[in-house]
Amino acid sequence: MIPYTDPGAWMIAMDASEAKLSTGLGTHDFQGSFYLDPGGSLAGFTLRLAFPGAAELCWDSVSLEGGPRVRGTSRFRVGRRETVAGVSGLCVPVPVGRTGRSYLKIVLAAAFSPLRLRWPRARIRPVTLQLFSEIRPLAAGSEPGGGIRSDGL
């Protein structure tokens, strides 16, 4: 089991992380943090997605509830425009062979109204944002933390 109270013992697996926005623009680079409680449950997150030639989209939530299934309210900001939407997902430990170690698999999704962000009226269906990521035990010789905080929020 990963000692979640020690941020030097685990990292975000960037090779297994991806953010998708349903605008048809494909996958996006992102930066951010996950907030874990001491038991390893996902308590919150902050993500920033970059769009070439456009404002940065910020997606965050610090009030997630649940165990393996998480839910709560998230906030989207694009420039000075902001809206709120529900967020749901999973944060489950996945065992790794016979080592007794595990990693956390995180899947989050939310849908928000493009009209509330004053996006072009041609886009009237909800915009969905999905995140897939893994938090893995730190391998020998790796950099600690990997952009994750363990605050026990």
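A quick note: this is a predicted structure, and the numbers were derived from the prediction, not measured.

Chemist: Describe the side chain of serine 74, listing the residues and the values that go with them.
Modeler: By secondary structure assignment, the location of serine 74 is in strand β7 (residues 69-78). In this structure serine 74 comes out as buried when scored by relative accessible area, which is 1%. Looking at serine 74, its side chain comes within polar contact range of the side chain of tryptophan 59, at 3.1 Å. When neighbours within four sequence positions are excluded, serine 74 is seen to be in contact with Trp59, Asp60, Ser61, Thr83, Val84, Ala85, Gly86, Val87 and Ala110.

Chemist: Any chance you could break down the nonpolar core for me, citing the residues and the numbers?
Modeler: Counting 31 residues, the largest nonpolar core has Leu42, Trp59 and Leu108 as its most contacted members. For this core, the element with the most residues is strand β9 (residues 102-112), which contributes five residues.

Chemist: So what about the pairing of strand β4 (residues 30-36)? Which residues, and what values?
Modeler: On a regular strand, one side chain projects to one face of the sheet and the next to the other, so that they alternate. A large share of β4 lies buried, amounting to five of its seven residues. Pairing of β4 with strand β5 (residues 42-49) involves seven bridges; the strand directions are antiparallel. Its bridge partner being in β5, leucine 36 is matched across the sheet by leucine 42. Connecting β4 to the antiparallel partner β5 that follows it, the hairpin turn spans five residues, and glycine 40 within it adopts a positive phi of roughly 95 degrees.

Chemist: Describe the pattern of salt bridges, naming the residues involved and giving the relevant values.
Modeler: Tallying each qualifying case throughout the model produces six salt bridges. Taking the shortest distance from any N to any O, the salt bridge between arginine 75 and aspartate 60 comes out at 2.7 Å. Residue arginine 75 is located in strand β7, and its partner aspartate 60 is located in strand β6 (residues 57-61); the two are separated by 15 residues in the primary sequence. Residue class for arginine 75 comes out partly exposed when judged on its relative accessible area of 31%. Aspartate 60 sits in the buried class, given a relative accessible area of 11%. Between arginine 77 and aspartate 60 there is a salt bridge, and its shortest N-O distance comes to 3.4 Å.

Chemist: Could you give me a rundown of the packing of aromatic side chains, with the residues and numbers involved?
Modeler: This model, assessed by the stated rule, comprises three aromatic pairs. Measuring from centroid to centroid gives 4.9 Å for phenylalanine 45 and tryptophan 59, while their planes differ by 75 degrees, and the two rings are edge-to-face. Taken as a pair, phenylalanine 45 in strand β5 and tryptophan 59 in strand β6 lie far apart in primary sequence, 14 residues in all. Accessibility classification places phenylalanine 45 together with tryptophan 59 in one group, the buried group.

Criteria and cut-off values
Residues numbered from 1 in each chain as written. Predicted model: local features only at pLDDT ≥ 70, side-chain atom pairs only at ≥ 80, totals over all residues. Heavy atoms only, no water. Helix = DSSP H or I, 4+ residues; strand = E, 2+ residues; numbered from the N terminus. Buried < 20%, exposed > 50% of the residue type's maximum accessible area, 1.4 Å probe, protein only. Polar contact = N/O pair within 3.5 Å; in protein donor to acceptor, adjacent residues only side chain to side chain. Contact = heavy atoms within 4.5 Å. Core = buried A, V, L, I, M, F, W, Y, C linked by side-chain atoms within 4.5 Å. Pairing = 2+ DSSP bridges. Salt bridge = Lys/Arg side-chain N within 4 Å of Asp/Glu carboxyl O. Phe/Tyr/Trp six-rings, centres within 6.5 Å; stacked < 30°, edge-to-face > 60°.

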